[in-house]
Amino acid sequence: NAGTGPTFDRLPVSQMTIVAKVFANAVTAAGICEKNDGNSADGFVFGSDGTGGGLQLTVEKSGTNMRVETAGGAITAGKWIQVAATWDGTVGNADGTFGNVAAAHLFVNGVEQAKAIQNNNGDGTLGYAGATNQPFRIGTASFDFPGSFNGKMAYLAVYKGRILTSAEMNQLDSRLPIR
């Protein structure tokens, strides 16, 4: 629990990048990080779906959540990998709402992964207010794929207002080696 401070506020309504270096002991449904209002209307969750190691990002919307997921096998047990999600919450849809599947991207070791599942663009508004007083949680998820990460995390970096490129993700990884 990284607390409820304003540092992690307004994440899903801006550009953001989440990057983590993880070592899974077992591939299970588990969160890498989340900041949300318990799946009511505001926030996000990033982690493994547990059904074969798919990497998943869910962004809450007031009606139906936006969700993207890789094919199984993106997260494998027994080795260190870098996982990342980028999100551009400033991209508008034709209906005047913000945030759709085209705004979400998933990466493994700096390489963008194909979206095997694109739930939909979601329905309703994109917000953050309901998550403002909720904690930023590391290594756990409370909805969609609830559970605690079974393994180790060498680092977690969150960039608010910025989308990192693949090259920048690789640079970050080279500067934070596993020892």
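Now for a description of the structure that goes with this document. (Residues numbered from 1 in each chain as written. Predicted model: local features only at pLDDT ≥ 70, side-chain atom pairs only at ≥ 80, totals over all residues. Heavy atoms only, no water.)

Details of the nonpolar core
Proteins that are soluble and globular tend to have nonpolar side chains buried together. With 31 residues, the main nonpolar core has Phe44, Phe46, Leu55, Leu57, Val83 and Trp87 as its most contacted residues. If you list the elements that add at least two residues to this core, you get β1 (15–24), β2 (30–36), β3 (43–48), β4 (55–59), β5 (66–69), β6 (80–88) and β7 (104–108). Excluding residues within four positions of it along the chain, phenylalanine 44 makes contact with Leu11, Met16, Ile18, Cys33, Glu34, Lys35, Asn36, Leu57, Thr58, Val59, Glu60 and Phe136. Among the nonpolar cores identified, the runner-up in size contains eight residues, and Ala84, Leu164, Met169 and Leu172 belong to it. (Core = buried A, V, L, I, M, F, W, Y, C linked by side-chain atoms within 4.5 Å. Buried < 20%, exposed > 50% of the residue type's maximum accessible area, 1.4 Å probe, protein only. Helix = DSSP H or I, 4+ residues; strand = E, 2+ residues; numbered from the N terminus. Contact = heavy atoms within 4.5 Å.)

Section: the sheet that holds β5
Pairing is antiparallel across the open sheet formed by six strands, whose spatial order is β9-β5-β4-β3-β2-β10. Two strands lie at the open edges of the sheet, namely β9 (117–118) and β10 (137–138), each paired on one side alone. (Pairing = 2+ DSSP bridges.)

Here's the deal with the sheet that holds β6
Read across the open sheet, the five strands follow the order β8-β7-β6-β1-β13; overall the sheet is antiparallel. Here the strands that pair on one side only, and so sit at the sheet edges, are β8 (111–112) and β13 (151–160). Bridge analysis of β6 against β7 gives five bridges, and the strand direction is antiparallel. Across the sheet, the residue bridging to valine 83 is valine 108, located in β7.

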